[in-house]
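Fold and geometry: a report
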Amino acid sequence: MCVPSIQALGTYMCTLQLLYTKDFSEVIVEVQTALSILPVAVELLFEECITACVRFLEAVPWSKEEEAEIKQLVCLLQLQESEKLLARLSPVKNSAVEDMLNELVYAATHSHQNAASVKAFVAKILSTFPSRDTVRLVLNRAFVNSLKTVKDSVEEYTSPNVRGRYDEIEAMQRQNLHTAVVSGRHLLWLVERMIELRVAETAVQAWSEQRAFTANLQGACSDDMWRNNVPGLPAVLLRCTCRLLNAMVAGSILTSQNVRKRLARDWLPVLVTSRENVSYSGLGASCNKQLHKELEVGFLQLIMTLPITDAQELLQQCLSFATRSIEDCPHLVSAFNTWFQRAGQGNLGRPGKSNEKEACPKICNV
């Protein structure tokens, strides 16, 4: 025979006293008290006591241990009695988690006050979130929206579809450029989070499909208004490119040959145009120079992952990386040397073909 513990007997006595005193507010003053009385009240069909316990529990914070007990007790209650507790324990909408993450990412990218702290907090939430698929979905959606805003703003700047006075059109173009810069910064933060969390496959795919956008960028980069009003926009977009390039050549993002070729083909001219129109003297000069050098190395490494014929075509677009001193561009020298060595192998390893190594030039030892 199971003998109730002294604590259990005390709980029964307390609940029975409440049948007569109805003094719920004086007795139910702690979560543990409510949790111990509630199952006894259910057993005795003591509706007033059940309501008082549920009302107290619904209105106060819980520890993790208390929440676990409440989850077990909810199944003892009628649906109407447990409705308010369930509202705290489970969402009404199945998309509640995804919606919350969407709102957090939006707040991180659009917050003007305390922006750095908000971004750091949201980044932490994303990095510890258990479902990578949900994080991927949320970041992909935000990336697509930000990229579209940047593209639309640049396109409206390069091809304004408005009529009016010159000063009105110019003011609208300035606004388009400002929108593009702000959204570009959002885009950079998103790209960095996607790479960090290894969910950037869609971003790389989308970045490699921007032929019209990169053509607009090249035209805008050489425009005086662009340089005077938003000199930082090309750098922001090239930083996105740089982050993706580094992740690809590091093996963090694995992509097809076609994706790698398209990305190099379309974004390499943007780097070349940016180099031609950005001064390496004055404010921000060292940052621009460092970014361009990192992009040069990244593009050359990416190009060397392509078939020899594709690499031959793209390497010729990298000649602007050359300097008067060979020692100042070892990455370019190394890439050409590697290409000539590979091309000089002839039909190496192909059945029925000669494996005789052709003579190939070597630029220098680096």
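Residues numbered from 1 in each chain as written. Predicted model: local features only at pLDDT ≥ 70, side-chain atom pairs only at ≥ 80, totals over all residues. Heavy atoms only, no water.

**Some remarks on the packing of helix H9 (residues 132–158) against helix H12 (residues 211–221)**
Helix packing for two helices is described by the angle between their axes and how far apart those axes are. Formally: Between N-to-C directions, angles cover 0 to 180 degrees, with each direction set by a line fitted to C-alpha atoms, over the stretch in contact for helices. Runs of H or I in DSSP of at least four residues are treated as helices and runs of E of at least two as strands, each being numbered from the N terminus. Roughly parallel covers angles under 35 degrees, roughly antiparallel covers those over 145, roughly perpendicular covers 65 to 115, and oblique covers all other angles. Note on convention: near helix rotated counterclockwise from far helix by under a right angle means a left-handed crossing. Clockwise means right-handed. Contacts are residue-level and defined by heavy atoms, with any inter-residue pair within 4.5 Å sufficient. Nonpolar residues are Ala, Val, Leu, Ile, Met, Phe, Trp, Tyr, Cys and Pro. Charged residues are Asp, Glu, Lys and Arg, and all others, Gly as well, are polar.
Here H9 crosses H12 at 50°, and the two axes come no closer than 10 Å. It follows from the interaxial angle that H9 and H12 lie oblique. In the packing of H9 onto H12, the handedness of the crossing is left-handed. Between H9, through Leu147, Val150, Lys151, Val154, Glu155, Tyr157 and Thr158, and H12, the contact on the second element is made entirely by Phe213, Asn216, Leu217 and Ala220. Grouping the constituent residues of the contact of H9 with H12 by class yields seven nonpolar, two polar and two charged.

**Focus on the packing of helix H3 (residues 31–43) against helix H4 (residues 47–59)**
Look at H3 against H4: their axes get within 9 Å of each other, and the N-to-C directions meet at 150°. Between H3 and H4, the angle is such that the two are roughly antiparallel. The chirality of how H3 crosses H4 is left-handed. Contacts from Val31, Ala34, Leu35, Ile37, Leu38, Ala41 and Val42 in H3 reach Cys49, Ile50, Cys53, Val54, Phe56 and Leu57 in H4. Partitioning the contact of H3 with H4 into residue classes produces 13 nonpolar, no polar and no charged.

**So, the environment of glutamine 218**
Within the secondary structure, glutamine 218 is located in helix H12. Distance in space between the C-alpha atoms of glutamine 218 and tryptophan 267 is 9.6 Å, their sequence separation being 49 residues. Not counting the four nearest positions on each side in its chain, glutamine 218 is found in contact with Pro269, Val270 and Thr273.

**Details of the state of the cysteines**
A covalent bond between the sulfur atoms of two cysteines is what we call a disulfide. Put simply, the test is: Note that a disulfide, as used here, is simply two cysteine sulfur atoms within 2.5 Å. Only protein chains enter the calculation, and the probe is 1.4 Å; a residue is then buried if its accessible area is under 20% of its type maximum, exposed if over 50%, and partly exposed in between.
Scanning the entire structure with this criterion turns up zero disulfides. As a non-bridged cysteine, cysteine 49 has cysteine 53 as the owner of its nearest cysteine sulfur, 4.2 Å distant. According to the relative accessible area criterion, cysteine 49 is buried, its value standing at 0%.

**A word on the side chain of glutamine 210**
The condition is simple: Definition of a polar contact: a pair of N or O atoms within 3.5 Å, with one able to donate and the other able to accept a hydrogen when the atoms are protein atoms, and with sequence-neighbouring residues admitted only if both atoms are side-chain atoms.
In this fold, glutamine 210 is placed in the loop between helix H11 (201–207) and H12. Relative accessible area serves as the criterion here: at 5%, glutamine 210 is assigned to the buried category. Of the polar contacts made by the side chain of glutamine 210, one reaches the side chain of lysine 151; its length is 3.0 Å. Those residues in contact with glutamine 210, other than ones at most four positions away along the chain, are Leu147, Lys151, Asp266 and Trp267.

**A closer look at the packing of aromatic side chains**
Formally: Two aromatic rings, drawn from Phe, Tyr or Trp (for Trp, its six-membered ring), form a pair once their centres lie within 6.5 Å of each other, and the interplanar angle then sorts them: stacked below 30 degrees, edge-to-face above 60, tilted otherwise.
Following the criterion strictly, the structure yields five aromatic pairs and no others. Centre to centre, the rings of tryptophan 207 and tryptophan 267 are 4.6 Å apart; their planes meet at 0°, and the pair counts as stacked. Taken together, the positions of tryptophan 207 in helix H11 and tryptophan 267 in helix H15 (residues 257–277) put the pair 60 residues apart, joining distant regions of the chain. Tryptophan 207 gets classed as buried once you look at its relative accessible area, which sits at 0%. Given a relative accessible area of 0%, tryptophan 267 falls into the buried group.

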